[in-house]
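Fold and geometry: a report
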Amino acid sequence: MAVDANTNETYDQTVIREDLQEAYTMISPEETPFVTAVRSETASSTLFEWPVVELAAVDYTNREAEGEDAPSTDAPNNALRLSNYTQISDKKVKVSHTSQAVDAAATNIQRLAGQITLKLKEMKRDMEGMLLDNIAAAAGSSGSARQSAGLPAFLKTNTSFETGGADPTLSGTTEGYPNAAATAGTTPVLFAEADLNAVIEEIWNEGGSPSIIMCNGGNKRRISSAFTGNSTRYKDAIDKKLVNSVDFYDSDFGELTVVPNRFMRTNNAGGANNSYNVFILDPEYAAVAYLDEVQQKPLAETGHSISRLIWAEYGLQVDNEKAHGIIRDTTNAIA
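Keep in mind the model is a prediction, meaning the values are calculated, not measured.

Description of the sheet that holds strand β16 (residues 325-330)
Pairing within the open sheet is mixed, and its six strands lie in the order β5-β16-β13-β8-β12-β11. If you trace the sheet from one side to the other, it starts and ends with β5 (159-160) and β11 (248-251), each paired once. With two bridges connecting them, β5 and β16 associate as parallel partners. Looking at the pairing, Thr-159 lines up with Ile-326 of β16. Of the strands in this sheet, β5, β8 (212-215), β11, β12 (254-260), β13 (276-281) and β16 are in contact with helix α5 (residues 193-205), which crosses β16 at around 155°. The strands touched by helix α6 (residues 217-226) within the sheet are β8, β12, β13 and β16, with β8 carrying the most contacts at an inclination of about 125°.

Following this line, the structure appears as structure tokens:
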């Protein structure tokens, strides 16, 4: 097919903008299931506290004679005080004046506003990972960052772990902040359905009603392929396509949503005997407490550039750890 020699074709042009659709496409995931599921609260100090009140154990001999003149006085229901430290997370953005001025492909990304958007997403992912990490609280000092205890460091009642493992401890006997994280077992094992049901029952016995099973990708696949409690599900009621995936687990104590989380770091990351946690959660009994909400401010301009600081100060609040459970020391293997 002939083409006139003077026809200006795209093959001859060197200044066509790249087809970036004036937007960016990211493969990097940004969903944060834990932070999204739990509440947001306000902290008033770097060491923030909350009360935990429990009812007395059932008295199976609570019978009194008719006309009793001197009934005994019951012990008061005093609150225990749990606590955690806040920590500061930040991101700093710096772009040149030229980047702000040019009209180029990917303008929305390279300019200040686009960079701020991306860094906010990164910081949210950082928060998700740290709040689920097995770390104790730390007060910090001049030049040393405070550290907010992660969820595994609070969970010490409804737990399952292997030989060599140990539950975390509090700074006081029954009160305070987590001063020692959980100890990983020496020999991780396959995630077992029996352990899952045992921990769900323990939570129920303590008065809890968990609604979420949160795990990493490998353990999500194991639930789908190896567990018998609703291990296969219809995709929907219309086409009846059977899929090998569990989105809900129907236990003896209620239905729980199975939520995979990409940002759950391994225990003993980088060392021997890496293992993975599985959380059984009631999100009503956990919150992210903010001393300083997520915000940004301009920094002093230096030379031919503009800077912004993005930050938040926050900590994890676990209202009552007995509402949750954890299975530690799983291998992440499917079979």
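Read on, since the account is not over.
Some points on the nonpolar core
In summary, soluble globular proteins display a tendency toward joint burial of nonpolar side chains. Formed by 41 residues in total, the largest nonpolar core has its most connected members in Phe-34, Leu-151, Met-214 and Phe-279. For this core, the leading source of residues is strand β15 (residues 305-318), giving six residues. Leu-196, Tyr-249, Leu-256 and Val-258 belong to the second-largest nonpolar core, a separate cluster that totals 15 residues.

Looking at empty space enclosed by the protein
Within this structure, the stated rule accounts for one cavity of 30 Å³ or more. By volume, the largest cavity is sized at about 40 Å³. A class-by-class count of the residues in the lining of the largest cavity yields three nonpolar, four polar and two charged.

As for the environment of Val-93
You can see Val-93 is positioned in strand β4 (residues 87-96). On the basis of relative accessibility, which here comes to 2%, the residue Val-93 falls in the buried class. In this view, Val-93 contacts Leu-112, Gln-115, Ile-116, Lys-119, Ile-306, Ser-307, Arg-308 and Ile-310; residues no more than four positions away in its chain are not counted.

Describing the sheet that holds β15
Pairing in this open sheet of four strands is mixed, and the strands run β1-β14-β15-β4 from one edge to the other. The sheet is open, and its two borders are formed by β1 (39-42) and β4, each paired with just one other strand. Averaged over neighbouring strand pairs, the angle between their axes works out to 35° when direction is ignored. Sheet topology places β1 next to strand β14 (residues 286-298); four bridges connect them, and they run parallel. Counterpart to Glu-41 in the pairing with β14 is Ala-289. Against the sheet, helix α4 (residues 112-131) makes contact with β4, β14 and β15, and its axis sits at roughly 160° relative to β4, the strand it touches most.

Observations concerning the side chain of Ser-148
Within the fold, Ser-148 resides in the loop between α4 and β5. The contacts of Ser-148, once residues within four sequence positions are left out, are Asn-84, Tyr-85, Gln-87, Ile-135, Ala-136, Ala-137, Tyr-314, Gly-315 and Leu-316.

So, the environment of Thr-183
With respect to the helices and strands, Thr-183 occurs in the loop between β7 (178-180) and α5. Put simply, Thr-183 and Asn-134 are 49 residues apart on the chain and 9.0 Å apart in space, counted from C-alpha to C-alpha. Each residue touching Thr-183, except ones within four places of it in the same chain, is listed here: Gly-164, Gly-165 and Ala-166.

A look at the pairing of β4
Covered by surrounding structure in β4 are Gln-87, Ser-89, Lys-91, Val-93 and Val-95 only, the residues Ile-88, Asp-90, Lys-92, Lys-94 and Ser-96 on the alternate face being uncovered. Pairing geometry for β4 and β15, over 10 bridges, is antiparallel. Among the inter-strand pairings, Lys-91 is bridged to a residue of β15, identified as Ile-310.

Comments concerning the pattern of salt bridges
Applying the stated rule across the entire model yields 13 salt bridges. Where Arg-39 meets Glu-41, a salt bridge forms, and the shortest distance between an N and an O atom there is 2.9 Å. The salt bridge involving Lys-220 is made with Asp-247; its shortest N-O contact spans 4.0 Å. In this pair, Lys-220 is assigned in helix α6 and Asp-247 in the loop between β10 (242-243) and β11, connecting sequence segments 27 residues apart. On the basis of relative accessibility, which here comes to 41%, the residue Asp-247 falls in the partly exposed class.

Some words on the packing of aromatic side chains
Each aromatic ring pair is summarised here by two numbers: the centre-to-centre distance and the angle between the ring planes. Under the defined criterion, the tally for this structure stands at seven aromatic pairs. Residues Phe-48 and Trp-50 carry aromatic rings whose centres are separated by 5.6 Å and whose planes lie at 35° to one another, so their mutual orientation is tilted. Taken as a pair, Phe-48 and Trp-50 share a single burial class, namely buried. An angle of 35° between the planes, with centres 4.9 Å apart, marks the rings of Trp-204 and Phe-253 as tilted. Note that Trp-204 is positioned in helix α5 and Phe-253 in the loop between β11 and β12, a separation of 49 residues in sequence. Accessibility expressed as a relative area gives 31% for Phe-253, which makes it partly exposed. Within the aromatic cluster, the residues linked to one another by ring pairs are Phe-48, Trp-50 and Phe-154. Its end group placed over the ring of Trp-311, Lys-297 keeps NZ or CZ at 5.7 Å from the ring centre.

Each value, and the rule that gives it
Residues numbered from 1 in each chain as written. Predicted model: local features only at pLDDT ≥ 70, side-chain atom pairs only at ≥ 80, totals over all residues. Heavy atoms only, no water. Pairing = 2+ DSSP bridges. Helix = DSSP H or I, 4+ residues; strand = E, 2+ residues; numbered from the N terminus. Contact = heavy atoms within 4.5 Å. Axes fitted to C-alpha atoms, helices over the stretch in contact; angles between N-to-C directions. Core = buried A, V, L, I, M, F, W, Y, C linked by side-chain atoms within 4.5 Å. Buried < 20%, exposed > 50% of the residue type's maximum accessible area, 1.4 Å probe, protein only. 1 Å grid on protein atoms, 1.4 Å probe; cavity = no way out; pocket = protein on both sides within 12 Å on 5 of 7 lines; lining within 4 Å. Points joined across faces, edges and corners; volume = space filled by probe spheres on them. Nonpolar A, V, L, I, M, F, W, Y, C, P; charged D, E, K, R; others polar. Salt bridge = Lys/Arg side-chain N within 4 Å of Asp/Glu carboxyl O. Phe/Tyr/Trp six-rings, centres within 6.5 Å; stacked < 30°, edge-to-face > 60°. Lys NZ or Arg CZ within 6 Å of the ring centre and 35° of its normal.

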